[in-house]
Structures are given as C-alpha cells and as structure tokens.
Amino acid sequence: METIATRLAILPFPEIDPVIFTIGPLAVRWYGLAYVAGILLGWLYARRILQKTELWRNGTPALTPAQLDDFLLWAAGGIVLGGRLGYILFYDIEAVLENPIRAIEIWNGGMSFHGGLLGTTLAMIVFARKHAIAVWSLFDLVAAVVPIGLFFGRLANFINGELWGRLTSMPWAVVFPTGGPFPRHPSQLYEAALEGILLLAVLAYFVYRRKALKGPGLVTGIFTCGYAASRIFVEFFREPDPQLGYLFGGWLTMGMLLSAPLALAGIWAILRARRAAVAAT
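The following refers to the structure shown. These numbers come from a predicted model, not from an experiment.

1. Observations regarding the side chain of Q67
Next up, step 1: Here Q67 is to be found in helix α3 (residues 65-91).
Next up, step 2: Among the residues examined, Q67 registers a relative accessible area of 18% and is labelled buried.
Next up, step 3: Dropping the residues within four chain positions of it, Q67 is found in contact with F127, H131 and I133.

Pasting the structure below:
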C-alpha cells in the first residue's frame, strides 16, 4: 500500500529477493555470495600486491603466493566464526542464552565486523607463527584488501533490508520493508561507500604511491583508523540494534563503543611503524 512516506522517498527499496535461488532445502543467499565474493576478490588483489616486489622491503614479499593460498581457508574461518561469535557476544547474548539454537541462526542477527576482525587477527597470528612469516606484514597485506569484503557485505545488508538507518526527510531516503512506513537513511550504502570504496582507494594510494608496505604496521594502522572513523561517523545515521538501543545519552551505540579502541589501536600501530622506520635508518 502506497503511503505519503513512500511517495516522498526518491530512492525506492529495490525488490530483490535475499535468496538468489534454491536447490531443494539449500537456499543460496546474496549475503553468503557477498562473503564469497569479498574473500575471493580480496585474495586475487592480495596476489597482485605480492607480485609487485618493488612494494616490499628489500624487494621481498612477506609471503609466497602458495602461502597466501593456504591462508585463504584460515581467513575464511576467522571471518565466519569470529563474526558470528562476535555478534552473539556483543549484540545478542541474552537471546542466545535463552535459546542456544539461535547461535547458528545467522539469519537472526548475522555477523559482527569487530568479531570477524578478532577472529581473523587470531588466525593471522597463528598462521604467521606456523609459517615463520612477519606478522605485521601479513596484517598489512590483509588490511589492504579487507575493504573489498566490507563493500560487498554492506551491499548485502542493503539487499536484506537490515541494519537500516534512522528516520530522515532527505530526498535519498528509503522506506525499508522491515523498517516501518517512514523513510530512513540507507546507512548500509553509506558504509559501503566509506568503509569499502573510499578506504580501499586510500589504502591503495599508500600501498602503491607511498610504498607503505615497506614499513610493517603502517597499512594496518591506516586501515584500522579509517574503518573506525567511518563506522563512528555512520553510526550517527544508523538505527541502533533494537535489543540494545542507545547505550548512553541518546547517541552512543555499541558500534561506536567497539570502534573507539580500534581508532586508538590504529594510531598506536602508525606510531609504532614510524618509530621502527626511523630506527632502521
């Protein structure tokens, strides 16, 4: 049924089924495809970076293409397991304690970036020690390609009609099927643009133009600060998770709270990389 709010929304919500197709009981969803696309395209981009030996200190990449191929499964496991556990712990712990089966119901809530980051970080540390790889250089390589996955993930959030923004009268507002009859900020697209496209471009500039991979930890610090700043900014337009609401003052959200330490960690990583570069000269 058309409402005044629907007519005011210049950007109508696209009628895209979250399920691409089904094969018997198996449903292939855009959300799952987004993860696959992000991981595979990130892997291809990382291989391209490894091939550019001039980008690395002493012309020697931190790991071989074969080692990167082996790490792909480790990264996927860290993203999925960490992302799901992070969402449960940060956003949905009470509901899971009441109904433990909800822990595997990804369609009821989904994934947490911060949890996925922790899971992937642990996977990188273990993998680097196992294969005698410089851990900060592995961090840098992964950080340079992560925005690809963030971009596809936020597009999938938009297609699913989840994690929508706050009410607004902006002409590009969207009336989401699950967000009530009023227009809202398409905050998923804001995040896709900032955390995905813009951050990827910034990191590519530092990798290719400033040769930042020669200073282990610098790319990681830039990524971490860039993500934290983008996420905190978009949180002012994004509706907080209903089970949590605002944590303080009608403005502080869990996304902001989790991103603030990331910003501090990013600053520390940048300063550490700069001190190491000075000491090496």
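Don't stop here, the text continues.
2. Some words on unusual backbone geometry
Peptide bonds are, in most cases, trans, and in most cases residues other than glycine have a negative phi.
Next up, step 1: The phi angle at A132 is positive, at roughly 55 degrees, despite the residue not being glycine.
Next up, step 2: Assignment of secondary structure puts A132 in the loop between α5 (113-130) and α6 (135-159).
Next up, step 3: The backbone phi angle of L163 is positive, close to 55 degrees, even though this residue is not glycine.
Next up, step 4: Of note, L163 is situated in the loop between α6 and α7 (187-209).

3. Concerning empty space enclosed by the protein
Next up, step 1: The final tally for this structure, using the stated rule, is one cavity of 30 Å³ or more.
Next up, step 2: Estimates place the volume of the largest cavity at around 60 Å³.
Next up, step 3: Around the largest cavity, the lining residues are Y91, R231, E235, R238, E239, P240, D241, L244, G245, T253, M254 and G255.
Next up, step 4: Elements with a minimum of two residues in the lining of the largest cavity: α8 (218-235) and α9 (254-280).
Next up, step 5: Tallied by class, residues from the lining of the largest cavity come to four nonpolar, three polar and five charged.

4. A word on the pattern of salt bridges
Next up, step 1: Following the criterion strictly, the structure yields eight salt bridges and no others.
Next up, step 2: Put simply, R184 and E239 hold a salt bridge, and the shortest N to O gap is 3.4 Å. Taken as a pair, R184 in the loop between α6 and α7 and E239 in the loop between α8 and α9 lie far apart in primary sequence, 55 residues in all.
Next up, step 3: Judged by relative accessible area, R184 falls into the buried class, the value being 10%.
Next up, step 4: As a salt-bridge pair, E235 and R238 come within 3.7 Å of each other at their nearest N and O atoms. Exposure class is identical for E235 and R238. Each is buried.

5. Looking at the packing of aromatic side chains
Next up, step 1: Tallied over the entire structure, the rule returns 15 aromatic pairs.
Next up, step 2: On the basis of an interplanar angle of 85 degrees and a centroid distance of 5.4 Å, the ring pair of W136 and F139 is categorised as edge-to-face. With W136 and F139 both in helix α6, this residue pair falls three residues apart, about one helical turn.
Next up, step 3: A network of ring pairs unites the aromatic residues F13, F158 and F176 as a single cluster.

6. Some details on the packing of helix α2 (residues 30-51) against α3
When two helices pack together, their arrangement is given by the angle between their axes and by how far apart the axes lie.
Next up, step 1: Between α2 and α3, whose axes approach to 11 Å, the crossing angle comes to 150 degrees. Overall, the two elements α2 and α3 adopt an arrangement that is roughly antiparallel. Remark: the crossing between α2 and α3 carries right-handed chirality. Residue-level inspection shows Y35, I39, L40, W43, A46, R47 and L50 of α2 in contact with α3, the latter providing P65, L68, D69, L72, A76 and I79.
Next up, step 2: Split by residue class, the contact of α2 with α3 holds 11 nonpolar, no polar and two charged.

What counts, and where the lines are drawn
Residues numbered from 1 in each chain as written. Predicted model: local features only at pLDDT ≥ 70, side-chain atom pairs only at ≥ 80, totals over all residues. Heavy atoms only, no water. Helix = DSSP H or I, 4+ residues; strand = E, 2+ residues; numbered from the N terminus. Buried < 20%, exposed > 50% of the residue type's maximum accessible area, 1.4 Å probe, protein only. Contact = heavy atoms within 4.5 Å. 1 Å grid on protein atoms, 1.4 Å probe; cavity = no way out; pocket = protein on both sides within 12 Å on 5 of 7 lines; lining within 4 Å. Points joined across faces, edges and corners; volume = space filled by probe spheres on them. Nonpolar A, V, L, I, M, F, W, Y, C, P; charged D, E, K, R; others polar. Salt bridge = Lys/Arg side-chain N within 4 Å of Asp/Glu carboxyl O. Phe/Tyr/Trp six-rings, centres within 6.5 Å; stacked < 30°, edge-to-face > 60°. Axes fitted to C-alpha atoms, helices over the stretch in contact; angles between N-to-C directions. Parallel < 35°, antiparallel > 145°, perpendicular 65-115°, else oblique. Left-handed = near helix turned anticlockwise from the far one by under 90°.

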